[in-house]
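Residues per chain, in single letters:
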Amino acid sequence: MRQASVTPDVDDASADDSLPEFAPLGGRFITRGRLVLRSAYWLASLLAPQPPDRPTPVTASVTRELDVLGFGAIRLVATSALLVGLITIFQAAYQLAPYGAEVVSARALAWFVAREIGPIVVAILVVARSAAAIAGEFASMAANGEIDALRVMGLDPVKYLVVPKLAALLIALPTLTAIAIMLAVIGGWLGMSVVLGYNTGLFLEYLHESLAARDVGVGLAKSVLFASIIGIVAADEGLRVERRVSAIGAAATRSVVYCLLGVLGADTAVNAFVYFIPGLT
Amino acid sequence: MTGDATGLTPNALATAALSVDDVTGPRGAPVLRHVSLSVPRGGSHVVLGPMHSGKSTLLRLVLGLERAVSGRVTIDGSTFDAARVAEDQLRHLRRRVGVVFDSSALVSRLTLLENAMLPLAEHTAVDAERAREMAAGLLHDVGVVGDLERMPDELTRLDRRRAALARALVLEPAVLLVDEPGNGLDPHAAAELDETLRALHERYHCGILICSQEVRYAFHWPSAVSVLANGRIVEHGSLDDLLNSRHEAVRRFVDRRGAA
């Protein structure tokens, strides 16, 4: 047996790739931008017609994710929406009472719930319930070598891990938002009729007058945007961690923070945009 | 051994399933220094080393999961610069390599069967039914029994390792890389997995590179053994060479087995 010769160490200084301090922020935008493009590509390929006899592990994954991210959140969303409807009607009635206009609360409720409260509450609940879980799961997969295993097999982790979750969120959030709008209105009706003692017919009349299809449309469109933000940000935070277990918790925390900021920032931008478009306000 | 840094002549290089030539890396914080080794087609090579000696890093550099500072890697006759290889070239080459990670690394969101058929779904034109049959057959061959629709976290460690082996072999690779095959397994389960590995190696005739801190793998696969210590291959040769070595790191391995 021959002993391997000992040769001088390489100069590590040449391999130093230190980056300026602003790089992490710029890096985040860049990786998220790439993730958006790759996810859009794989989502489009998922929607394209497939030969019926091709193996489809991704489609099966979407169904499983829908069960976890969508169906699993129904109870939380339904209960919260009902309570938010009650809270909104009480707050509106309290503000309008000095003018003798408590009954007008129904108008504010319908419009506000459909455009704003429904999508934003659902998005915040989904962030609280799932964003940390998504990031933590991906970070754990990275630490466990699952991401590397996919890359070694020549498979894009975005296709097999991110896209099923993103597709499930894109289906689940608008659906949950529609449920939330409906239940928040029911909560408002309970507040108006049972607690404040107003006539149900009057409530329905104001509701009918104030709630237009475009209000629900704007709310659902927002929920699609929020679903994209939650899916991309949570996945990116999970996938970008180093391969060590201690990074998992930090990734989960960052995911919740950035998802909330992303959702609220996007909502602000959409509201500002819609304000200046005739026919949408 | 004779020849160049890999211990192989140019002719032998062409017939190697895998050769690693003077690799130093990874970039930024090199763990390995001037590592060279080869795995003949249908043959074996065992890399022994203590924890944190760079065994897993060696596999990551071979697979291009981390970039090297310098060195070349040849997989099934195709050579790439480990410091500057393009992702496209790697994607193509990786299809000729099967990998069993020390953690098994099954995709936790896919069932056992989906994990095993994943490479078929992505890289071949076989239909769903045929892919399922092939994956189920291979899972049976590696010794996984029972419901194939279970999720990875419902499996025993041995079954996870077996399923990872099935996934690694499903495209019939030129070389199989196995990182710490006995990691986390009790002695009985580890022995079972060894049997399975040997049987599959004979059946598929692929080269096999085993990285482990357990010297028994040198006894199971005695033809080529390297000992990695402090990021360098300090000795390489056959099992007999290993047993007769006077190098301190090698003696530690051999003595440990004697004590066991």
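These numbers were taken from a predicted model, which means no experiment stands behind them.

**Focus: the overall build of chain B**
Each helix and strand in chain B was counted, giving ten helices and ten strands. Radius of gyration (C-alpha) of chain B: 18 Å, near the 18 Å computed for a compact globule of 260 residues. Based on the C-alpha atoms only, the size of chain B along its principal axes is roughly 55 × 45 × 35 Å. Taken over 260 residues, chain B has a buried fraction of 53%. Long-range contacts, defined as pairs at least 24 residues apart, comprise 65% of the intrachain contacts of chain B with a sequence gap of at least 6.

**Some details on the overall build of chain A**
From N to C terminus, chain A includes nine helices and one strand. Relative to its full complement of 281 residues, chain A shows a buried share of 43%. Partitioning the contacts of chain A with sequence separation of at least 6, the portion at a separation of at least 24 is 86%.

**Describing the domain arrangement of chain B**
Residues and elements named next belong to chain B. The domain architecture assigned to chain B consists of domain 1 (1-96 + 175-182 + 191-260) and domain 2 (104-172). Here the C-alpha centre of domain 2 lies 26 Å away from the C-alpha centre of domain 1. Counting residues at the interface gives seven residues for domain 1, matched by eleven residues for domain 2. With five residues, the top contributor of residues to the side of domain 1 that touches domain 2 is helix α7 (residues 187-204). Split by residue class, the side of domain 1 that touches domain 2 holds four nonpolar, one polar and two charged.

**Thoughts on the interface of chain B and chain A**
Contact residues are listed per partner, giving 43 residues for chain B and 31 residues for chain A. For the side of chain B that touches chain A, the secondary structure elements donating two or more residues are β2 (32-40), α3 (87-94), α4 (112-123), α5 (128-141), β10 (232-237) and α9 (239-244) of chain B. Sorting elements by how many residues they give to the side of chain B that touches chain A places α4(B) first, with eight residues. Here the side of chain B that touches chain A is built from residues that sort into 20 nonpolar, ten polar and 13 charged.

**Remarks on the nonpolar core**
Across soluble globular proteins, nonpolar side chains have a tendency to be buried as a group. One finds A:Ile230, B:Ala116, B:Ala166 and B:Val175 to be the most contacted residues of the largest nonpolar core, which totals 157 residues. The greatest single-element share of this core, amounting to 20 residues, is contributed by helix α4 (residues 105-144) of chain A. In this structure, this core is formed jointly by two domains, domain 1 (1-96 + 175-182 + 191-260) and domain 2 (104-172) of chain B, each of which donates at least three residues. Beyond its immediate chain neighbours, meaning those up to four positions away, B:Val175 contacts B:Ala17, B:Leu18, B:Val39, B:Ile75, B:Asp76, B:Val97, B:Cys206, B:Gly207 and B:Leu209.

**Here's the deal with the environment of A:Leu183**
All names here are of chain A. Relative to the elements of secondary structure, Leu-183 occurs in helix α6 (residues 157-195). Look at Leu-183 and you get buried, because 21 C-beta atoms sit within 10 Å. Note: C-alpha distance between Leu-183 and Ser-255 (72 residues apart in sequence) is 28 Å. If sequence neighbours within four positions are ignored, Leu-183 has contacts with Ala-78, Ala-81, Leu-82 and Gly-85.

**Notes on the packing of α4(A) against α6(A)**
Residues and elements named next belong to chain A. Here α4 crosses α6 at 145°, and the two axes come no closer than 8 Å. As for the relative orientation of α4 and α6, their crossing is right-handed in sense. Across the contact of α4 with α6, the residue classes break down as 21 nonpolar, four polar and one charged.

**Some thoughts on the confidence of the model for chain B**
Per-residue confidence for chain B gives a mean pLDDT of 87, with 93% of residues at or over 70. The low-confidence segment residues 1-6 of chain B (pLDDT under 50) makes 17 contacts with residues lying over four places distant or belonging to another chain.

**Overview of the packing of helix α2 (residues 57-70) of chain A against α6(A)**
Residues and elements named next belong to chain A. At a closest axis distance of 8 Å, the pairing of α2 and α6 adopts a crossing angle of 45°. As the angle between them shows, α2 and α6 are arranged oblique. Between α2 and α6 lies a crossing whose hand is right-handed. Where α2 abuts α6, its residues Val-58, Ser-61, Val-62, Glu-65, Leu-66, Leu-69 and Gly-70 lie against Lys-159, Tyr-160, Val-163, Pro-164, Lys-165, Ala-167, Ala-168, Leu-169, Ile-171, Ala-172, Thr-175 and Leu-176.

**Comments concerning the confidence of the model for chain A**
For chain A, per-residue confidence averages 85 on the pLDDT scale, and residues scoring 70 or more make up 88% of the total. The low-confidence segment residues 1-23 of chain A (pLDDT under 50) makes 23 contacts with residues lying over four places distant or belonging to another chain.

**Details of the sheet that holds strand β4 (residues 70-75) of chain B**
All names here are of chain B. The strand order across the open sheet built from four strands is β2-β1-β4-β5, with neighbouring strands paired in antiparallel fashion. The sheet terminates laterally at β2 and β5 (78-81), the two strands that pair on one side only. Each strand axis lies, on average, 10° off the axis of its neighbour in the sheet, ignoring direction. Relative to β5, β4 is paired through four bridges, and the arrangement is antiparallel. The residue bridging Thr-74 from the neighbouring strand is Thr-79, located in β5.

**Some points on helix α9 (residues 247-275) of chain A**
Helix length check: α9(A), at 29 residues, gives a terminal C-alpha distance of 42 Å against a target of 42 Å (1.5 Å per residue), a fit within 8%. Inspection of α9(A) places A:Ile248, A:Ala251, A:Ala252, A:Arg254, A:Ser255, A:Tyr258, A:Cys259, A:Gly262 and A:Val263 among the buried residues, and these make up the whole buried set.

**Some details on the environment of A:Ser140**
All names here are of chain A. For Ser-140, the position within the fold is in helix α4. Residue Ser-140 is classed as partly exposed on the basis of its 18 C-beta neighbours within 10 Å. Residues Ser-140 and Gly-238, 98 residues apart in the sequence, show an inter-C-alpha distance of 8.0 Å.

**Overview of unusual backbone geometry**
Residues and elements named next belong to chain B. Here the bond from Gly-25 into Pro-26 is cis, since omega is 0°, no more than 30 degrees from zero. Inspection of the secondary structure puts Pro-26 in the loop between β1 (16-25) and β2. Of note in this structure, Asp-22 is not a glycine but carries a positive phi near 55°. As for its position among the elements, Asp-22 is in strand β1.

**Here's the deal with the pairing of strand β7 (residues 175-179) of chain B**
Residues and elements named next belong to chain B. Buried residues dominate β7, accounting for five of its five residues. On β7, burial covers both faces: Val-175, Leu-177 and Asp-179 on one face and Leu-176 and Val-178 on the other are all buried. When strand β6 (residues 97-100) meets β7, the two strands line up parallel, connected through four bridges. Residue pairing across strands places Val-100 opposite Val-178, the latter belonging to β7. Where β7 meets strand β8 (residues 207-212), five bridges bridge the pair, whose relative direction is parallel. What sits directly across from Val-178, in β8, is Ile-210. Handedness of the crossover joining β7 and β8 through α7: right-handed.

Analysis parameters
- Residues numbered from 1 in each chain as written.
- Chains lettered and ligands numbered in written order.
- Predicted model: local features only at pLDDT ≥ 70, side-chain atom pairs only at ≥ 80, totals over all residues.
- Helix = DSSP H or I, 4+ residues; strand = E, 2+ residues; numbered from the N terminus.
- Rg over C-alpha atoms; globule rule 2.2 N^0.38 Å.
- Buried ≥ 20, exposed ≤ 12 C-beta atoms within 10 Å, placed from the backbone.
- Contact = placed C-beta atoms within 7 Å.
- Domains from an automatic or database assignment.
- Nonpolar A, V, L, I, M, F, W, Y, C, P; charged D, E, K, R; others polar.
- Core = buried A, V, L, I, M, F, W, Y, C linked by C-beta atoms within 7 Å.
- Axes fitted to C-alpha atoms, helices over the stretch in contact; angles between N-to-C directions.
- Left-handed = near helix turned anticlockwise from the far one by under 90°.
- pLDDT = per-residue confidence, 0-100.
- Parallel < 35°, antiparallel > 145°, perpendicular 65-115°, else oblique.
- Pairing = 2+ DSSP bridges.
- Expected span 1.5 Å × (residues − 1).
- Right-handed = clockwise from strand over helix to strand, strands pointing away.

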